[in-house]
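One-letter residues, chain by chain:
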Amino acid sequence: MPAPYYLALSAVLFAAGAAGVLVRRSALIVFMSIELMLNAVNLTLVTFARLRGSVDGQVLVFFVLVVAAAEVVVGLAIIVDVFRSRETVDVDAEAALRG
Amino acid sequence: MDVVLFGITAVCALAGGAGVILSRRPVHSALGLLLVLLSLAVDYLLLGAQFIAAAQVIIYAGAIVVLFVFIIMLLSPGGSDSPASGLKGGALAGPVAAPFVAALCALLAAGLVALVSRASPVPKAALPAAFGTVQDVGRSLFGRYLLPFEAASLVLLAGMIGGVALGRRLGPRT
C-alpha cells in the first residue's frame, strides 16, 4: 500500500480532531478530539518509520503514548474538579481563566 | 490483501472520527474513538509496527478509553438536550466563518489530491525481518533513547501525582 494513502488518512483524522476541538462545547468531546489528533500524528510517525526503515519513529510514538496517558489523567481530573464546583462540562460556560 | 485491509481500516477510522465529533452523547463519541484506535492498530500492523500496535490496543483502547467512559459515567453530562452537547457559540456561523471553513476544506482537499497523486509503493525489501518487533523497539529504547525513556517515567509519575492531587476533595464544596 503506498505511503501517501496512510498520510492522507492521517491528515483527514487530524483535521477532524482539530474541527472537534474548535467546534464542540463539551470538554469531554474536546479531549477526545485531542486524542484523535495525537493518533493522527502517531500514524504519520509510524508511516515515516516504515519509509525510512528506521525504528526511531516508533520510539517517538511510544513517547507520544506516554505523554497522552499522563495528559488524559490530569485533564480528566481537572474536568471532574470543574464539574464538582460548577456542575457543568461546557467550555463556553467556564470563564474563570479568561483575562 | 494490504489494499483491502487498508480500505476497511480507513473507512472505519473515518467513520469513527466523524462519530467522535458529530455524536450528541459523549458515550457515542467514546465508542467512535475506540473504533478509530482499533483501526489504527491494524494500520500499524500493516506498516510493520507490531510493538506499537500492541501498545496502542493496551494503552489507548484498554486504558484511556475506559478512563473516558468511567468519567462520562461519573459526570453523566446529559443527553441531547443538555447545553454541553451543542456547538460553541458562533462556531461555523456568520458570514466570516463560513468562507474561512470552506477555504480550509478546499486547501485540505487539494493537499490530499497532490499527496495521493504521487503515490509510490513502500519499498519492502529494505526492511530487516525483525523490524518493529518488541526486541527491535526495546533495543532502541534502552540504547539511544534511554534518557528520554527515564524522563517518560517521571512524566507518568507526575501525571499520577497530579491526578491524585486534583481528584482529592479539598474540604467542603464551595
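In this text, all values refer to a predicted model and were calculated from it rather than measured experimentally.

Turning to the overall build of chain A, a few remarks are in order. Secondary structure summary: chain A contains 3 helices and 0 strands in total. Dimensions along the principal axes, computed over C-alpha positions, put chain A at roughly 50 × 25 × 25 Å. Looking at chain A as a whole, 60% of its 99 residues qualify as buried. A fraction of 57% describes how many contacts in chain A between residues 6 or more apart in sequence connect residues 24 or more apart. Accessible area of chain A: about 3600 Å², with a carbon and sulfur share of 69%. Side chains of chain A give 7 positive and 8 negative charges; the mean places of these two sets differ by 5 Å.

Moving on, we come to the overall build of chain B. Secondary structure summary: chain B contains 6 helices and 0 strands in total. The linear arrangement of helices and strands in chain B, starting from the amino end, is α-α-α-α-α-α. Scored against the burial criterion, the 174 residues of chain B give a buried share of 35%.

Time to look at the interface of chain A and chain B. Quite often, the size of an interface is put as the accessible area lost when its parts meet. Taken together, the 67 residues of chain A in the interface contact 80 residues of chain B. Taking both partners together, chain A and chain B bury about 6700 Å²; carbon and sulfur atoms supply 76% of that area. Applying the counting criterion to the chain A and chain B interface returns 7 residue pairs in polar contact (both at pLDDT 80 or more). At the level of elements, helix H1 (3-23), helix H2 (27-52) and helix H3 (56-86) of chain A are the ones that each hand at least two residues to the side of chain A that touches chain B. In terms of residue count, the dominant contributor to the side of chain A that touches chain B is H3 of chain A (22 residues). Among the residues forming the side of chain A that touches chain B, the class breakdown is 48 nonpolar, 9 polar and 10 charged.

Residues Leu 154, Leu 157, Met 160 and Ile 161 of chain B make up a contiguous nonpolar surface patch of roughly 420 Å² in combined accessible area. Given the relative accessible area of 39%, Leu 157 of chain B is considered partly exposed.

This part takes up the confidence of the model for chain A. Looking at chain A, the pLDDT average stands at 88 and 93% of residues meet or exceed 70. When the elements of chain A are averaged for pLDDT, H3 of chain A gives the smallest value, 90, and H2 of chain A the largest, 92.

Here we take up the environment of Gly 17 of chain B. Among the secondary structure elements, Gly 17 of chain B is positioned in helix H1 (residues 2-22). By relative accessible area, Gly 17 of chain B is classed as buried at 1%. Placed 15 residues apart in sequence, Gly 17 of chain B and Gly 32 of chain B show a C-alpha to C-alpha distance of 6.3 Å. Once residues within four sequence positions are removed from consideration, Gly 17 of chain B is found in contact with Leu 36 of chain A together with Val 36 of chain B.

Where H3 of chain A contacts helix H5 (residues 134-141) of chain B, the axes come no closer than 10 Å and their chain directions differ by 80°. Judged on the interaxial angle alone, H5 of chain B and H3 of chain A are roughly perpendicular. Contacts between H3 of chain A and H5 of chain B involve Asp 56, Gln 58, Val 59, Phe 62 and Phe 63 of chain A from the first element and Val 137, Ser 140 and Leu 141 of chain B from the second. Residue composition of the contact of H3 of chain A with H5 of chain B, by class: 5 nonpolar, 2 polar and 1 charged.

Below, the discussion takes up the pattern of salt bridges. Should the charged atoms of two oppositely charged side chains come close, the side chains can pair. Counting across every chain of the model gives 1 salt bridge over all chains. Ionic pairing is found between Asp 56 of chain A and Arg 144 of chain B, a salt bridge with its closest N-O pair at 3.0 Å. Here the residue Asp 56 of chain A occupies a position in helix H3, and Arg 144 of chain B occupies one in the loop between H5 and helix H6 (146-167), the pair thus bridging two chains.

Applying the stated criterion across every chain, the model contains 6 aromatic pairs over all chains. Between Tyr 5 of chain A and Phe 6 of chain B, the ring centres sit 6.5 Å apart and the planes meet at 70°, which makes this aromatic pair edge-to-face. Highlighted residues: Tyr 5 of chain A in helix H1 and Phe 6 of chain B in helix H1, drawn from two different chains. Tyr 5 of chain A sits in the partly exposed class, given a relative accessible area of 30%. For Phe 6 of chain B, a relative accessible area of 6% gives the class buried. Ring-pair connections join several aromatic residues into one group, and the members of that group are Phe 62 and Phe 63 of chain A together with Phe 51, Phe 142 and Phe 149 of chain B.

Rules behind the numbers
- Residues numbered from 1 in each chain as written.
- Chains lettered and ligands numbered in written order.
- Predicted model: local features only at pLDDT ≥ 70, side-chain atom pairs only at ≥ 80, totals over all residues.
- Heavy atoms only, no water.
- Helix = DSSP H or I, 4+ residues; strand = E, 2+ residues; numbered from the N terminus.
- Buried < 20%, exposed > 50% of the residue type's maximum accessible area, 1.4 Å probe, protein only.
- Contact = heavy atoms within 4.5 Å.
- Areas by Shrake-Rupley, 256 points an atom, 1.4 Å probe, with all protein chains shown as cover.
- Lys, Arg positive; Asp, Glu negative; His and termini not counted.
- Charge placed at Lys NZ, Arg CZ, Asp CG, Glu CD.
- Buried area = accessible area lost by both parts, 1.4 Å probe.
- Polar contact = N/O pair within 3.5 Å; in protein donor to acceptor, adjacent residues only side chain to side chain.
- Nonpolar A, V, L, I, M, F, W, Y, C, P; charged D, E, K, R; others polar.
- Patch = residues over 30% accessible without salt bridge, like charges linked within 9 Å, V, L, I, M, F, W, Y side chains within 5 Å.
- Salt bridge = Lys/Arg side-chain N within 4 Å of Asp/Glu carboxyl O.
- pLDDT = per-residue confidence, 0-100.
- Axes fitted to C-alpha atoms, helices over the stretch in contact; angles between N-to-C directions.
- Parallel < 35°, antiparallel > 145°, perpendicular 65-115°, else oblique.
- Phe/Tyr/Trp six-rings, centres within 6.5 Å; stacked < 30°, edge-to-face > 60°.

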